[in-house]
Amino acid sequence: MIFSRIRKLVPLVLLAGSSIVSSCVAPDDTSNHPKEDATTAAARKEMVGLSEADVRMCAGFPTATADAERGQIWTYQRTVQRGNLNVVIPTLAVGAIPTVGGSLNVDPGGYCNTQIRMVDGRVAEVAYAGDNNTPNHRDALCVSTVDGCVAYARQRHQVRTRANPR
């Protein structure tokens, strides 16, 4: 009698277990370190060689400049107001029951300092600093500073390629 009940439950347990396991789907990126944003990564390579005038055309005038060896470092400071979601749970205490309460804050604001090293009047290096990461991408809050320059550099590269075909 007991064995017949167990035999009837085995398929049910296997079915329930397999549905639980199949609902656990691993995300595409299981690493502990988020990937760098594609636009900011492209800017590190594609902006190299742009002239000072080119950078002013695509990013505007820098917020600050500092003298460096054989040139300057231009800094573009951007404060990004991301959409906030604040949920506050009131604190409840009933007699000897422990206190329950707290708050949740999702996506607070951040900032990005984009540094562009100019050597002999041309971009030699692009770097990022600040509270500029999102949950899924490094340097993602810096995109608004360099996205125009990446498009500008690609357009200038296409014009040069058409003018000098090999």
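The rules behind the values
Chains are numbered independently. Their residues run from 1 in the order of the written sequence. Thresholds applied to this predicted model are a pLDDT of at least 70 for local features of residues and 80 or more for the giving and counting of side-chain atom pairs; totals over whole chains, interfaces and linings are not thresholded and use all residues. Derived side-chain values reflect all non-hydrogen atoms in the structure, with water molecules and hydrogen atoms excluded from consideration. Strands here are runs of E lasting at least two residues and helices are runs of H or I lasting at least four, both read from the DSSP assignment and numbered beginning at the N terminus. When accessible area is computed with a 1.4 Å probe and restricted to protein chains, residues below 20% of their type maximum are described as buried, those above 50% as exposed, and intermediate ones as partly exposed. Whether two residues are in contact is decided by their heavy atoms, any of which lying within 4.5 Å being enough. Residue exposure ignores everything except the shown protein chains as possible cover, and the areas themselves are Shrake-Rupley values with a 1.4 Å probe. Throughout, disulfides are identified as pairs of cysteine sulfur atoms within 2.5 Å of each other. Think of a nonpolar core as a cluster: buried Ala, Val, Leu, Ile, Met, Phe, Trp, Tyr and Cys residues, connected wherever their side-chain atoms sit within 4.5 Å.

1. Focus on the overall build of the chain
Point 1. The secondary structure content of the chain amounts to four helices and eight strands.
Point 2. For the chain, the N- to C-terminal ordering of α and β elements is α-β-α-α-β-β-β-β-β-β-β-α.
Point 3. The burial tally for the chain puts 23% of its 166 residues in the buried class.
Point 4. For the chain, restricting intrachain contacts to residue pairs at least 6 apart in sequence, the fraction spanning at least 24 positions comes to 59%.
Point 5. Looking at the chain as shown, the accessible area adds up to about 11900 Å², and 57% of this sits on carbon and sulfur atoms.

2. Let's talk about the environment of Gly 49
Point 1. Residue position: Gly 49 is located in the loop between helix H2 (38-46) and helix H3 (52-59).
Point 2. Sequence separation of Gly 49 and Arg 122 is 73 residues, and the distance between their C-alpha atoms is 5.4 Å.
Point 3. Gly 49 has contacts with Arg 122 and Val 123, leaving out every residue within four places of it along the chain.

3. Focus on the state of the cysteines
Point 1. Per the counting criterion, the structure on display carries two disulfides.
Point 2. The disulfide partner of Cys 112 is Cys 142, and the gap between their sulfur atoms is 1.9 Å. When the S-S torsion is 105°, as for the bridge of Cys 112 with Cys 142, the disulfide is right-handed. Here the residue Cys 112 occupies a position in strand E6 (residues 110-119), and Cys 142 occupies one in the loop between strand E8 (137-138) and helix H4 (143-163), the gap between them amounting to 30 residues. Judged on exposure class, the residue Cys 112 and its partner Cys 142 are both buried.
Point 3. Cysteine pairing for the chain (bonded cysteines numbered in sequence order): 1-4, 2-3.

4. Topic: the nonpolar core
Point 1. Formed by 21 residues in total, the largest nonpolar core has its most connected members in Met 47, Leu 50, Val 55, Ile 116, Val 123 and Tyr 128.
Point 2. Contributions of two or more residues to this core are made by H2, H3, strand E3 (71-80), E6, strand E7 (122-129) and H4.
Point 3. Here the element with the most residues in this core is H4; it accounts for five residues.
Point 4. Those residues in contact with Ile 116 that sit more than four places away from it in its chain are Met 47, Val 55, Gln 72, Ile 73, Trp 74, Tyr 76, Val 123, Glu 125 and Val 126.

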